[in-house]
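# Fold and geometry: a report
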Amino acid sequence: MGSKFLLIGRLYDILEGLTAWSGMLLPLGLYLLWLGLYVHGRSRPMLLPGHTDRWVLFLGLSGFFLAGPPTWILYGFLPGGMHVYWVAYGLYCLLLLLYAALLAAREARSLVIYNVDPAAFLGVLQQVLHTSDVAYYTVPGRIIFDDGITQLEIEGSQRMQTVKLTWTGQDSPHRTEIEEYLKARLNECKGRRPEVGLLLSLAGMALLVLAILGLVWAYT
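In this report, the structure presented in the accompanying data block is examined. (Residues numbered from 1 in each chain as written. Predicted model: local features only at pLDDT ≥ 70, side-chain atom pairs only at ≥ 80, totals over all residues. Heavy atoms only, no water.)

### Focus on the side chain of Ser22
Under the convention used in this document: Going along the chain from the N terminus, every DSSP run of H or I of four or more residues is numbered as a helix, and every run of E of two or more is numbered as a strand. Three labels apply to residues, based on accessible area from a 1.4 Å probe with only protein chains included: buried if under 20% of the type maximum, exposed if over 50%, partly exposed otherwise in between.
Checked against the element boundaries, Ser22 lands in helix H1 (residues 2–39). Judged by relative accessible area, Ser22 falls into the buried class, the value being 3%.

Next comes the structure, spelled out in structure tokens:
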């Protein structure tokens, strides 16, 4: 009888582990598929406000934070009963949400452009700045406007075909004008459909298959 209960306990542990791993992999797989098929599969660049980009990333990693290793520390509350554990888990989720909101708020003055060649983007940005007729000068990785108080930082990734723009200093009255010009100009550009889209799609599909197989194995 003891060995029977031991076997049942072992099977329950395996079931719980498979469910947790599937829960971690599923959101990440969907996020990678979204990046690969929708974002990098477009015929034109895609622009996202920095705070939106952070929230989407957080959703992609939510399985890791809600069912993965960060939650293991909460097992220390189990001796107090399941009600204590769920209260601790609820507080953990609340703190996690507040931290995600803080990170997103820090990106309120940034803009992320996907599916664009960083080298070609700099040429487009130069055209936009000439069109807007604002005073500026450039240094590597940065554009400085007016009296030097407002700056635009430029970070590009050739491998991921992305560019991130971040406004620093005082908010410039030219910011809205420049971003609107930039959106309109990028809508006229053709995306490269880079190989990174295919790789992200394959990675996303692989994670989804593993997540589904884990659930099927656990519950059949």
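Now that the structure has been shown, we can carry on.
### Some thoughts on the sheet that holds strand E6 (residues 162–168)
In plain terms, the rule: Here a strand pair is declared whenever DSSP counts at least two bridges between the two strands. Fitted lines through C-alpha atoms give the axes, limited to the stretch in contact for helices. The angle between two N-to-C directions lies from 0 to 180 degrees. Only heavy atoms enter the contact rule, under which two residues are in contact if any of them lie within 4.5 Å.
One open sheet accounts for six strands, arranged E1-E2-E6-E5-E4-E3; its pairing is antiparallel. Lying at the two open borders of the sheet, with one neighbouring strand each, are strand E1 (46–49) and strand E3 (136–139). Within the sheet, the average angular offset between the axes of one strand and its neighbour, ignoring direction, is 20°. Sitting on the sheet, helix H2 (residues 50–67) touches E1, strand E2 (110–114) and E6, and the angle it makes with E1 is about 90°.

### Regarding the layout of surface pockets
Going by this rule: Buriedness for pockets is judged along seven lines, at least five of which must meet protein on both sides within 12 Å for an open set on the 1 Å grid over protein atoms alone, while cavities are sets there where a 1.4 Å probe fits but cannot get out, and lining residues have an atom within 4 Å of a point. Grid points are joined across faces, edges and corners, and a volume is the space filled by probe spheres set on the points. Here the term charged refers only to Asp, Glu, Lys and Arg, the term nonpolar to Ala, Val, Leu, Ile, Met, Phe, Trp, Tyr, Cys and Pro, and the term polar to all other amino acids, Gly among them.
Considered as a void within the structure, the second largest pocket measures approximately 270 Å³ in volume. Taken together, 19 residues make up the lining of the second largest pocket; nearest its centre are Asp53, Val112, Tyr114, Met160 and Thr162. For the lining of the second largest pocket, the secondary-structure elements that each account for two or more residues are H1, H2, E2, strand E5 (150–157) and E6. For the lining of the second largest pocket, the leading source of residues is H2, giving four residues. Partitioning the lining of the second largest pocket into residue classes produces nine nonpolar, five polar and five charged.

### Let's talk about empty space enclosed by the protein
Counting across every chain of the model gives one cavity of 30 Å³ or more. By volume, the largest cavity is sized at about 40 Å³. In terms of lining, the largest cavity is formed by Leu111, Leu125, Leu152, Leu165, Trp167, Ile178, Glu179 and Leu182. Tallying contributions element by element places helix H5 (residues 175–187) first for the lining of the largest cavity, with three residues. For the lining of the largest cavity, the per-class residue count stands at seven nonpolar, no polar and one charged.

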